[in-house]
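Observations on the model geometry
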Amino acid sequence: MEHACPQCGAPVELEDTSALFDCPFCRVRLAILHGGAPAFYLAPRPEFATAPIFVPYWRLRGLVLAADLPGVQGKLFDATLLARADLPTVPPSLGLRPQAMPLRFVEPHTHGVVLPPTETASPLRRAQTHAQGRLTACLAEATALIFQPLALVDGRLIDGISGDDLGAA
């Protein structure tokens with residue numbers, strides 16, 4: 001993720017889990033505070049950047065543990081889930097976009113309409129299931145909101161990154 005230094009304006013690269021902002025140019029050090037889960041957005045293509053609508057997705061990163069005989073196995077996961085139930089034509093996941101594309105902080109001056117989530121991530125942070133005699137637990141270590149840009153064109157929702165028609169608005 002790239003963010004401009006608030007003191008000198010230089011571009012600084014951060015991890016989305018960073019708690020400190022260190023500018024290598026002016027040496028400013030700042031704590032990064034979030035009022036809840038950190039919020040990021042994916043930038044729309046230039047032709048859709050005039051009036052984007054940002055749809056929220058929960059991003060959960062953590063560990064999946066599966067317990068059975070003879071032991072416990074673990075795998076890392078990084079998943080996104082749509083955070084609004086009222087948008088049936090929008091994809092249920094962002095796929096690999098948050099891992100492959102630059103993320104930007106959602107700020108008060110972010111251009112566009114930022115839709116709030118209607119679904120909470122708390123039940124998703126720690127889920128357990130029993131499958132074929134195995135106990136499986138999902139432990140989310142990091143939770144964030146990622147906002148996907150959409151465009152409204154002639155009553156249709158258009159993916160602001162790929163340009164795909166997602167259906168009627």
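Remember, predicted model here, so these are calculated numbers, not experimental data.

Details of the nonpolar core
In this structure, Phe21, Cys23, Val55, Val90 and Leu150 are the most contacted members of the largest nonpolar core, which totals 24 residues. Where this core is concerned, the elements lending two or more residues are strand 5 (39-42), strand 6 (53-68), strand 8 (103-105) and strand 11 (134-153). Other than its neighbours up to four places away in sequence, Cys23 contacts Cys5, Cys8, Ala10, Val12 and Val28. Grouped together as the second largest cluster of nonpolar side chains are seven residues, Tyr41, Ala83, Leu145 and Phe147 included.

Let's talk about the side chain of Thr80
If you trace the backbone, Thr80 turns up in strand 7 (residues 71-82). A residue is classified by how much of its surface remains accessible, and Thr80, at 4% relative accessible area, is buried. A polar side-chain atom of Thr80 sits 3.1 Å from a polar atom in the side chain of Ser93. At 2.8 Å, the side chain of Thr80 and the backbone nitrogen of Leu94 are in polar contact. Not counting residues within four places of it along the chain, the set of residues in contact with Thr80 comprises Tyr57, Trp58, Arg59, Pro92, Ser93, Leu94, Gly95 and Pro98.

So, the packing of aromatic side chains
Overall, the coordinates contain two aromatic pairs when judged by the stated rule. Each ring, one from Phe40 and one from Phe105, has its centre 5.3 Å from the other, and the planes form 35°; the classification is tilted. Here Phe105 lies in strand 8 and Phe40 lies in strand 5, a separation of 65 residues in the sequence. Judged by centre distance (5.2 Å) and plane angle (65°), the ring pair of Tyr41 and Phe54 falls under edge-to-face. In this pair, Tyr41 sits in strand 5 while Phe54 sits in strand 6, placing the two residues 13 residues apart along the sequence. For the pair shown, Tyr41 and Phe54 are each scored as buried.

Things to note about the pairing of strand 12 (residues 156-159)
Looking at chain direction, strand 12 and strand 13 (residues 165-168) are connected through three bridges and run antiparallel. Bridge pairing in strand 13 links Arg156 to Ala168. Following strand 12, the chain reverses through five residues before pairing antiparallel with strand 13; Gly163 in that reversal takes a positive phi of roughly 85°.

Looking at the pattern of salt bridges
With the rule as written, the count across this model stands at six salt bridges. Of the charged contacts, one joins Arg45 and Glu47 as a salt bridge, the two residues approaching to 2.5 Å between their closest N and O atoms. With relative accessibility at 47%, the residue Glu47 sits in the partly exposed group. Note that Arg84 is salt-bridged to Asp86, the shortest N-O span being 2.7 Å.

Procedures and definitions
Residues numbered from 1 in each chain as written. Predicted model: local features only at pLDDT ≥ 70, side-chain atom pairs only at ≥ 80, totals over all residues. Heavy atoms only, no water. Core = buried A, V, L, I, M, F, W, Y, C linked by side-chain atoms within 4.5 Å. Buried < 20%, exposed > 50% of the residue type's maximum accessible area, 1.4 Å probe, protein only. Helix = DSSP H or I, 4+ residues; strand = E, 2+ residues; numbered from the N terminus. Contact = heavy atoms within 4.5 Å. Polar contact = N/O pair within 3.5 Å; in protein donor to acceptor, adjacent residues only side chain to side chain. Phe/Tyr/Trp six-rings, centres within 6.5 Å; stacked < 30°, edge-to-face > 60°. Pairing = 2+ DSSP bridges. Salt bridge = Lys/Arg side-chain N within 4 Å of Asp/Glu carboxyl O.

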